[in-house]
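Residues per chain, in single letters:
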Amino acid sequence: MARTPTALIIEDEQDIANLVAFHLRREGIESSHAKSGRRGLEMARACAPDIVVLDLMLPDLDGIEVCRRLREDHATKHTPIVMLTARGSETDIVHGIESGADDYVTKPFSARVLVARLRNALRRRGDAPGASAQESLLTRVSGRLVVDLDRHTVEVDRTSIALTTTEFAMLLALARRPGFVRTRDQIIASVHGSNTVLSQRTIDVHITAIRRKLGELGPAIETVRGVGYRLSDLADAPTD
Ligand code: CA
């Protein structure tokens, strides 16, 4: 039997920490709690949690800095991090994702959304960069969408579709982390070097083109308002 997953909640407000812990416990996840960023970093290193729930506004180090340091530390480099942010703080969300957070939940959060995001982050744990030797060759998002880096091809339902170099690089950036939002800057950075220039203004145009070419799977590329894009996790999608 698999061991019980553990979470570390880094949150200065006791009520919110209790609420998160309550929902985690119902999912069979044990949690520990740190009330400050510094304490959170110490505990993350000591406990090696399976997931970190990180508040953005903390009394000492803010969540962005904590996230950055967790990503720098060898022990927590690949630990999923879900950030808690205030609703509407899109700039904070963008900074959080760019500092290495996998996903975010806005406060006040619904239990359903929180649990779904945490489950998703836990499930995707093995997909961290470097976790799979196959990753450099093939990103199989699901049985329906296959992005083949080696052959530079994309297949939808086993039918090959033609993408431009830019479109391919953009789809790959999203397909590497299905279910997680990528900011516009992250997408631009991953396309950089593929002999094309992608700007903030043209990114939407390319996304529209990719969606059209993906046909039925087009809506799987979701717009995350004010933040970026996400390729929805197709793992549960029907295959026929
Ligand atoms: Ca706080």
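Residues numbered from 1 in each chain as written. Predicted model: local features only at pLDDT ≥ 70, side-chain atom pairs only at ≥ 80, totals over all residues. Heavy atoms only, no water.

K.L.:
An account of the pairing of strand β1 (residues 6-10) is requested, with residue identities and associated values reported.
P.N.:
For a regular strand, the rule is simple: side chains alternate between the two faces of the sheet. Burial of β1 is extensive: 4 of the 5 residues sit out of reach of the surface. Two elements, β1 and strand β2 (residues 30-34), share 5 bridges in a ladder whose sense is parallel. Within β2, the residue paired with Thr-6 across the bridge is Glu-30. With 4 bridges joining them, β1 and strand β3 (residues 51-55) adopt parallel strand pairing. Along β3, the bridge assignment pairs Ile-9 with Val-53. (Buried < 20%, exposed > 50% of the residue type's maximum accessible area, 1.4 Å probe, protein only. Helix = DSSP H or I, 4+ residues; strand = E, 2+ residues; numbered from the N terminus. Pairing = 2+ DSSP bridges.)

K.L.:
Before we move on, can you summarise unusual backbone geometry with the specific residues and values?
P.N.:
Cis peptide bonds are those with omega within 30 degrees of zero, and the linkage from Lys-107 to Pro-108 qualifies with -5°. Tracing the backbone shows Pro-108 in the loop between β5 (103-107) and α5 (111-123). Of note, Ala-48 is a non-glycine position whose phi angle comes to about 45°, a positive value. Examined against the element boundaries, Ala-48 turns out to sit in the loop between α2 (37-47) and β3. Even without glycine at this site, Arg-158 takes up a positive phi of about 70°. Within the secondary structure, Arg-158 sits in the loop between β8 (153-156) and β9 (159-161).

K.L.:
Explain the sheet that holds β2 residue by residue, including any values.
P.N.:
On the basis of which strands lie adjacent, the open sheet formed by 5 strands has the order β2-β1-β3-β4-β5 and parallel pairing. Looking along the sheet, the strands with just one partner apiece sit at the ends: β2 and β5. Direction aside, the axes of adjacent strands within the sheet are offset by 20° on average. Against the sheet, helix α3 (residues 63-72) touches β1, β3 and β4 (81-86), its axis set at about 155° to β3. Helix α4 (residues 90-98) contacts β4 and β5 of the sheet and is inclined by roughly 155° relative to β5. (Axes fitted to C-alpha atoms, helices over the stretch in contact; angles between N-to-C directions. Contact = heavy atoms within 4.5 Å.)

K.L.:
Any chance you could break down the nonpolar core for me, citing the residues and the numbers?
P.N.:
With 26 residues, the main nonpolar core has Val-154, Met-170, Leu-171, Ile-187, Leu-214 and Ile-221 as its most contacted residues. Those elements that provide at least two residues to this core are β7 (145-148), β8, α6 (165-175), α7 (184-191), α8 (200-214) and β12 (228-231). Leu-58, Cys-67, Ile-81 and Val-181 belong to the second-largest nonpolar core, a separate cluster that totals 24 residues. (Core = buried A, V, L, I, M, F, W, Y, C linked by side-chain atoms within 4.5 Å.)

K.L.:
Which residues make up the environment of Arg-124, and what values go with them?
P.N.:
Structurally, the position occupied by Arg-124 is in the loop between α5 and β6 (138-140). Taking relative accessible area as the criterion, Arg-124 reaches 14% and is therefore assigned buried. Counting along the chain gives 44 residues from Arg-124 to Pro-80, while the straight-line C-alpha distance between them is 8.3 Å.

K.L.:
Let's hear about the side chain of Glu-11: which residues, and what values?
P.N.:
Its location among the elements puts Glu-11 in the loop between β1 and α1 (14-26). Ignoring sequence-local partners within four residues, the contact set of Glu-11 consists of Ile-16, Ala-17, His-33, Ala-34, Lys-35, Asp-55, Leu-58, Leu-84 and Lys-107.

K.L.:
Help me get a handle on the coordination of the calcium ion, residues and values and all.
P.N.:
Summarising the metal site, the calcium ion is bound by the protein donors Asp-12 (OD), Asp-55 (OD) and Met-57 (O), whose distances to it range over 2.1 to 2.3 Å. If you list the donors of the calcium ion from N- to C-terminus, the spacing comes out as D-x42-D-x1-M. Of this pair, Asp-12 sits in the loop between β1 and α1 while Met-57 sits in the loop between β3 and α3; the two residues are 45 residues apart in sequence, bridging distant segments of the chain. (Donors = N, O, S within 2.8 Å, 3.2 Å for Na, K, Ca; no water.)

K.L.:
Break down the pattern of salt bridges for me, citing the residues and quoting the values.
P.N.:
This structure, assessed with the given rule, holds 17 salt bridges. For Arg-119, the salt bridge goes to Glu-27, with nearest N and O atoms at 2.8 Å. Placement of Arg-119 in helix α5 and of Glu-27 in the loop between α1 and β2 is noted, with a sequence separation of 92 residues between them. On the basis of relative accessible area, Glu-27 is assigned to the partly exposed category, the value being 32%. The salt bridge partner of Arg-177 is Asp-102, with a shortest N-O separation of 2.5 Å. (Salt bridge = Lys/Arg side-chain N within 4 Å of Asp/Glu carboxyl O.)

K.L.:
Please set out the sheet that holds strand β11 (residues 221-224) residue by residue, giving values where relevant.
P.N.:
The strand order across the open sheet formed by 3 strands is β10-β12-β11, and the pairing between neighbours is antiparallel. At either margin of the open sheet sits one strand with a lone partner, and together these are β10 (181-183) and β11. Averaged over all pairs of adjacent strands, the angle between strand axes in this sheet comes to 30°, irrespective of strand direction. Together, β11 and β12 form the strand contacts of α8, whose direction differs from that of β11 by roughly 150°.

K.L.:
Talk me through the environment of Thr-6; I want residue IDs and the actual numbers.
P.N.:
Tracing the sequence through the fold places Thr-6 in strand β1. The class for Thr-6 is partly exposed, based on a relative accessible area of 23%.

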